[in-house]
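Take a look at the letters that make up each chain.
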Amino acid sequence: MTLYPKLILDALATVRYPGTGKNLVEAEMVADNIRIDGMSVSFSLIFEKPTDPFMKSMLKAAETAIHTYVSQDVQVTIHTESKQAARPEVGKLLPQVKNIVGISSGKGGVGKSTVAANLAVALAKLGYKVGLLDADIFGPSIPKMFQVEDARPYAESVGGRDLIVPIEKYGVKLLSIGFFVNPEQATLWRGGMASNALRQLIGDADWGELDYFLLDLPPGTSDIHLTVVQTLAMTGAIVVSTPQEVALADARKGINMFTNDKVNVPILGLVENMAWFTPAELPENKYYIFGKEGAKKLAEEMNVPLLGQIPIVQSICEGGDTGTPVALDEHTVTGRAFLALAASVVRQVDRRNVEMAPTKIVEVKK
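Keep in mind the model is a prediction, meaning the values are calculated, not measured.

Quick notes on the rules
Residues numbered from 1 in each chain as written. Predicted model: local features only at pLDDT ≥ 70, side-chain atom pairs only at ≥ 80, totals over all residues. Heavy atoms only, no water. Pairing = 2+ DSSP bridges. Helix = DSSP H or I, 4+ residues; strand = E, 2+ residues; numbered from the N terminus. Axes fitted to C-alpha atoms, helices over the stretch in contact; angles between N-to-C directions. Contact = heavy atoms within 4.5 Å. Expected span 1.5 Å × (residues − 1). Buried < 20%, exposed > 50% of the residue type's maximum accessible area, 1.4 Å probe, protein only. Phe/Tyr/Trp six-rings, centres within 6.5 Å; stacked < 30°, edge-to-face > 60°.

K.L.:
Sorry if this is basic, but what is going on with the sheet that holds strand 3 (residues 75-82) here?
P.N.:
Pairing between sheet strands relies on hydrogen bonds along the backbone, with the strands arranged either parallel or antiparallel. Here we have 3 strands laid out as an open sheet, ordered 1-2-3, and mixed in their pairing. For this open sheet the edge positions go to strand 1 (35-37) and strand 3, each flanked by a neighbour on one side alone. The sheet shows a mean angle of 20 degrees between the axes of neighbouring strands, taken without regard to direction. In the sheet, strand 1 pairs with strand 2 (residues 40-47) via 3 bridges, with the strands oriented antiparallel. From the neighbouring strand, Ile36 faces strand 2, where its bridge partner is Val41. Most of the contacts of helix 2 (residues 55-69) go to strand 3, to which it runs at about 150 degrees, and overall it touches strand 2 and strand 3.

Spelled out as structure tokens, the structure:
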């Protein structure tokens, strides 16, 4: 039997690409590089993106079609090409980002996202270029806190790749899975799907030049935390806690997660949220409703800095609900507290960068 290109193309014309419904030849997915050597054939299939979800199934289907319509004896070699450049490999992501800081908490309900949102705004007010990624895939709250729930990011071509353009508000670049899912419905994803979504928000977005890239991490310890430390070399982590004993026990675990031998992410410090209650009409009064200085004592015990103590004032809750972070107004008690926190974080990051080597990305062991 003699092989020739038309035989191969006729076989490939029986395979339909699910993305368009067209066959491989009609969709112009077969590259003009068919090589035939006796009973061996090689060629390339062209995909739009290197992450095409149908790539593997199309390679298998193309090989099966040649064996079915030409001959079982044909040795088939198929290469892949993509019209778009591939995502940079791990270690080369975010080349223009100076510092990557994770905002974490041992448990939910301690105000971690409130701290992340207001810290981002406060850093921007101090003149830094700031990005905030809502990495809490299952409970995204950043869109609401910035009053951009209806925003829908678009993609634009940058360096041969289609990149998501972050939403900008209050001088902060924002991305959240909340922009891409129905806010009324729960996000029911397996761990792998959530991790892939997070990698896309990190690696397939046009973050550009940033002084601080903040990650609002989910509470506790999860696949998401592992994905982050396997994808990015974090400058350090900030752990948020309330003064309550229960919260402090979980904060201790959170600190251990980052500092254990396998992860080795420096702890930049602790933030004590809900440190005391101050009524707006009595700004000098402090009521320690969750206990007094618990996070301060934990910071001393764990030998990590206490970056700031944030009081509860009614406006902090209202600001989160209405999408106007309290850090926007430095004339308020909480606004001043967040600006002081931002200054403290800047000092601590600078000190960490002088005194310690860059963090290494956690390697995935097969």
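Resuming the write-up.
K.L.:
Help me out: how do you make sense of helix 2 in this one?
P.N.:
What sets the pattern is the α-helix's 3.6 residues per turn: residues three or four places apart point alike. Its 15 residues place the ends of helix 2 21 Å apart at the C-alpha level, agreeing with the 21 Å of an ideal helix rising 1.5 Å per residue. Buried within helix 2 are the following residues: Met55, Met58, Ala62, Ala65, Ile66 and His67.

K.L.:
Where do I start with the sheet that holds strand 13 (residues 306-312) in this structure?
P.N.:
Spatial ordering of the open sheet is given by 8-9-5-10-4-11-12-13, a layout of 8 strands whose pairing is mixed. On the outer flanks of this sheet lie strand 8 (167-169) and strand 13, each paired with one strand and no other. This sheet shows a mean twist of 25 degrees between the axes of neighbouring strands, independent of strand direction. In this fold helix 10 (residues 333-355) packs onto strand 4 (97-105), strand 10 (210-216), strand 11 (236-241), strand 12 (267-277) and strand 13, with an angle of close to 165 degrees to the strand it touches most, strand 13.

K.L.:
Please explain the packing of aromatic side chains as it appears in this structure.
P.N.:
To describe a pair of aromatic rings, you give the distance between the ring centres and the angle between the ring planes. In the structure shown here, the tally under the stated rule is 5 aromatic pairs. Relative to Tyr212, the ring of Tyr128 has its centre 5.3 Å away and its plane inclined at 90 degrees; by these criteria the two rings are edge-to-face. Highlighted residues: Tyr128 in the loop between helix 3 (112-125) and strand 5 (130-134) and Tyr212 in strand 10, separated in sequence by 84 residues. Residue classification places Tyr212 among the buried positions, given a relative accessible area of 2%.

K.L.:
Any chance you could explain unusual backbone geometry here in plain terms?
P.N.:
For residues other than glycine, phi is negative in most cases, and the peptide bonds are mostly trans. Phi at Glu28 takes a positive value of approximately 55 degrees, unusual for a residue other than glycine. Summarising the element assignment, Glu28 is placed in the loop between helix 1 (5-12) and strand 1. Although it is not a glycine, Tyr170 sits at a positive phi angle of roughly 55 degrees. Looking at where Tyr170 falls in the secondary structure, it is placed in the loop between strand 8 and strand 9 (172-176).

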